[in-house]
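# Close look at the chain arrangement
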Amino acid sequence: MQKYRTHNCNELNIKNKDQKIILSGWVNKKRDHGNLLFIDLRDNYGLTQCVIDKSNSFFKVLEKLQLESVIKVEGKVVERTKDTINSELKTGEIEVKIDSFVILGHCNELPMPIFSDQEYAEEIRLKYRFLDLRRKKIHENIILRSKIIEFIRSEMTKFGFLEFQTPILTSSSPEGARDFLVPSRLNPGKFYALPQAPQQFKQLIMIAGFDKYFQIAPCFRDEDARADRSPGEFYQLDMEMSFVEQEDVFEVIEKLMVNLFNKFSNKKLKYKKFPKIKFNESMIKYGTDKPDLRNPLIISDITDIFLRDDVKFEIFKKLVKSGSSVRAIVTKNTKDKPRSFFDGIDNWAKQEGASGLAYFTFEKNNKISARGPVGKLFSEESLKEIMKITSAEIGDSIFLACGKIYDLEKITSLARDKIAKELKLIDENEFAFCWIVDYPMFEKDQITKKFKFSHNPFSMPQGDIKKIDFKNPLNIMAYQYDIVCNGVELSSGAIRNHIPELMYKLFSIAGYDKKQVDEKFSGMINALSYGAPPHGGIAPGIDRIVMLLADEKNIREVTMFPMNQNAQDLMMNAPSEVGSDQLKELNLFLNKKK
RNA sequence: GGGGGUGUAGCUCAGUUGGUUAGAGCGAUCGCCUGUCACGCGAUAGGUCGCGGGUUCGAGUCCCGUCACUCCCGCCA
């Protein structure tokens, strides 16, 4: 017979009736009737009710036992009477009559209850993460994460991809996020960096001729946290393919995502074939490059309306003359919404730092008019023109924002979400994927006014290489793409630039001369000169995929041992101070700010 | 770096216009209870009201500062 258990806590049923069995697990809950005691025993798999009465010599000890202690129970499976069956439990038709038990692990008084659906402060959850992880919801989330990763591995393998590991200690790169640095003992004064992504390695794997690579890759970026962004580390499904174009990458990822999301969620996929939206179009229509396509609202640019003489909206007209734009969101058939709805949105926008949102509703009695605080300022002809541009109809309302493009995109994007939520336009039972394509290769830095790579410097520019217009870098498009689901950016990817001369040229636009490129990207640029295949890939974020499938709003709910917002591990006390011996060995001395 | 929210018993929270000894549920401890599955009943213990300062006859409550957690902006090629 097994030492600790013959069965787990989720498998006994009526077929095991009268069997002598052994279970081990945690005391989830006790119900003490004085002369009769029920114990719910829990393990990873489920719950089994155990019962003992006063005639048993173990009764007195069990009665006093702390919840969450680990015990081994020996006993007999007995059938429950009809009126005591618990249909909520898989093991609810039976219970275990305890003959004897042993305490395997004693539990002190708990800092937080395990058996409860209550929400707890993050601080205590993270400090006692091992207890928090016993709780049903998060325990299941972590199991889901494991199953998702297993499924991804098996799918990618089926698609012919090979899984490889890449170094964790690598070199710092000048682009992108802040690096985590690791001092080198053997090379005084020099540092490794933890990889922000295995970007260069996966390209080197292609150059080495492995054709199709993937990895569930840890990535490290020293940036501030958000609800959907762990500080420090996160995981990507990193993948790369040789001899491919953009469409080939899309095909693999779409197949994977469709299979994955169908398998692990009951929500339906809005698109089997993911729509492709050009970056510039997305910025106008949705104000962002990660649009939530479940949201039907569309943003339109109606700046030209404010150049007309029959429009008297002087504040906007003045701003437009000095270079501002006007963008609008139309809501369908909202003529009966109370004033408080519109003012609520307006006030919300002011809280968000915008100057507010003007609004009116299209009406028609004898002629078309606009109802609302600024309605009188628009002529019938101008209203007709607005309706044409925005596809608005009588009975619809319109929200207007005026400002510089960058600020406008921000506020209209937020307003689009806010209004849709207020009007309950978003179907929570849907996943809406899309590709954002045709990213510009460069953008102008707002402060330095210099050109910088807008995304990945290793991306391939579009079009005939010989005809690229290097004089106007902002016009150069890249084979650079993002995949977005429900407004969550899952990943960026690109077809890579495998031509060294072109790479030098592009880097020179961003202000790096040949020598700097050779220094900073020595491994890559050198390798490209020894026969590099055309290649490309992408790297969807695992944590965010699990978040979507687990229907969680916070990444810590799908991360086993997350850090808090200040990048501290409250359970392990990381980061921590180190001894002077360690520092000395690493040739470091501290210059702490007071 | 900036803005918002929160901080009261081990946990989750209530605490009115500033006013007697700061409360409840869960948990803990003790007692009663043989069919519960959020078992029930009774009792007891448990508080630096995050911390520091101020206003006031009097502060959990008002003011100033500070710390922690969290959400957002910046940042995240």
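Definitions and cut-offs
- Residues numbered from 1 in each chain as written.
- Chains lettered and ligands numbered in written order.
- Predicted model: local features only at pLDDT ≥ 70, side-chain atom pairs only at ≥ 80, totals over all residues.
- Heavy atoms only, no water.
- Helix = DSSP H or I, 4+ residues; strand = E, 2+ residues; numbered from the N terminus.
- Buried < 20%, exposed > 50% of the residue type's maximum accessible area, 1.4 Å probe, protein only.
- Contact = heavy atoms within 4.5 Å.
- Areas by Shrake-Rupley, 256 points an atom, 1.4 Å probe, with all protein chains shown as cover.
- Lys, Arg positive; Asp, Glu negative; His and termini not counted.
- Charge placed at Lys NZ, Arg CZ, Asp CG, Glu CD.
- Pairing = 2+ DSSP bridges.
- Axes fitted to C-alpha atoms, helices over the stretch in contact; angles between N-to-C directions.
- Left-handed = near helix turned anticlockwise from the far one by under 90°.
- Nonpolar A, V, L, I, M, F, W, Y, C, P; charged D, E, K, R; others polar.
- Near = heavy atom within 4 Å.
- Polar contact = N/O pair within 3.5 Å; in protein donor to acceptor, adjacent residues only side chain to side chain.
- Salt bridge = Lys/Arg side-chain N within 4 Å of Asp/Glu carboxyl O.
- Core = buried A, V, L, I, M, F, W, Y, C linked by side-chain atoms within 4.5 Å.
- Patch = residues over 30% accessible without salt bridge, like charges linked within 9 Å, V, L, I, M, F, W, Y side chains within 5 Å.

### A closer look at the overall build of chain A
Across its full length, chain A holds 16 helices and 24 strands. Expressed as lengths along the three principal axes of its C-alpha atoms, the size of chain A is roughly 95 × 75 × 55 Å. The proportion of buried residues among the 594 residues of chain A is 48%. Look at the contacts in chain A between residues 6 or more apart in sequence, and 67% of them connect residues 24 or more apart. Only carbon and sulfur atoms are counted for the fraction: they give 51% of the accessible area of chain A, which is about 31400 Å². Looking at charge distribution, chain A has the averaged site of its 91 positive side-chain charges lying 1 Å from that of its 84 negative ones.

### Side note on the sheet that holds strand β5 (residues 94–105)
With mixed pairing, the 5 strands of this closed barrel are ordered in space as β1-β2-β3-β5-β4. Averaged over all neighbouring strand pairs, the angle between strand axes comes to 55°, with direction disregarded. When strand β4 (residues 70–79) meets β5, the two strands line up antiparallel, connected through 10 bridges. In the strand pairing of β5, valine 78 is matched with glutamate 95.

### Let's talk about the environment of glutamate 501
Turning to its location among the elements, glutamate 501 is positioned in helix α12 (residues 500–509). Exposure remark for glutamate 501: the relative accessible area of 57% places this residue in the exposed category. Considering only alpha carbons, one finds glutamate 501 and serine 529, 28 residues apart in sequence, at a separation of 9.3 Å.

### Regarding the packing of helix α4 (residues 136–158) against helix α6 (residues 246–264)
Here α4 crosses α6 at 145°, and the two axes come no closer than 11 Å. Read as a crossing pair, α4 and α6 show a hand that is right-handed. Every residue of α6 that contacts α4 at Leu144, Lys147, Ile148, Phe151, Ile152, Glu155 and Met156 is listed here: Leu256, Asn259, Leu260, Lys263 and Phe264. The class makeup of the residues in the contact of α4 with α6 is 8 nonpolar, 1 polar and 3 charged.

### Focus on the protein's contact with RNA strand B
Taken together, 49 residues sit near RNA strand B, with Lys29, Asp32, Asn35, Thr84 and His455 positioned nearest. By atom count, sugar and phosphate contribute 53% of the portion of RNA strand B lying within 4 Å of the protein. Between glycine 34 and RNA strand B, the recorded distance is 3.0 Å, taken from a backbone N or O atom to a base nitrogen. At 2.9 Å from a base oxygen of RNA strand B is found a side-chain nitrogen or oxygen belonging to glutamine 49. Among the secondary structure elements, those contributing two or more residues to the surface near RNA strand B are β1 (20–32), β2 (36–42), β3 (47–53) and α2 (122–127). Its residues assigned to classes, the surface near RNA strand B shows 14 nonpolar, 18 polar and 17 charged.

### Some details on the pairing of β2
Burial of β2 is extensive: 6 of the 7 residues sit out of reach of the surface. Pairing geometry for β1 and β2, over 6 bridges, is antiparallel. Of the residues in β2, the one forming a bridge with lysine 29 is aspartate 40. Taken together, β1 and the strand that follows it, β2, pair antiparallel across an intervening segment of 3 residues, in which glycine 34 is found at a positive phi of about 90°. Hairpin connection between β2 and β3: a loop of 4 residues separates the two successive antiparallel strands.

### Regarding the side chain of lysine 317
Considering the arrangement of structural elements, one finds lysine 317 in helix α8 (residues 314–321). Look at lysine 317: it is buried, it has no salt bridge, and the nearest opposite charge is glutamate 314 at 4.7 Å. A distance of 2.7 Å separates a polar atom in the side chain of lysine 317 from the backbone oxygen of arginine 308. Residue contacts for lysine 317: discarding those within four places in its chain leaves Phe306, Arg308, Asp309, Val311 and Lys312.

### Details of the nonpolar core
Counting residues in each nonpolar core, the largest one holds 67 residues, and the members touching the most others are Met239, Phe261 and Phe433. Examining the composition of this core, we find that 10 residues originate from one element, α6, more than from any other. Of all hydrophobic cores here, the second largest spans 24 residues; its members include Ala358, Phe360, Ile368 and Leu383.

### Notes on the side chain of serine 282
Its location among the elements puts serine 282 in helix α7 (residues 279–285). Residue serine 282 is classed as buried on the basis of its relative accessible area, which comes to 0%.

### Description of a nonpolar patch on the surface
A cluster of nonpolar side chains, contributed by Tyr4, Val102 and Leu104, occupies part of the molecular surface with about 270 Å² of accessible area. Mapped onto the elements of the fold, valine 102 is located in strand β5. Assessed through its relative accessible area of 40%, valine 102 is described here as partly exposed.

### Notes on the sheet that holds strand β13 (residues 299–301)
Read from one edge to the other, the open sheet built from 5 strands follows the order β13-β14-β17-β15-β16, with strand pairing classed as antiparallel. Two strands lie at the open edges of the sheet, namely β13 and β16 (368–371), each paired on one side alone. This sheet shows a mean twist of 30° between the axes of neighbouring strands, independent of strand direction. Pairing between β13 and strand β14 (residues 325–331): 3 bridges, direction antiparallel.

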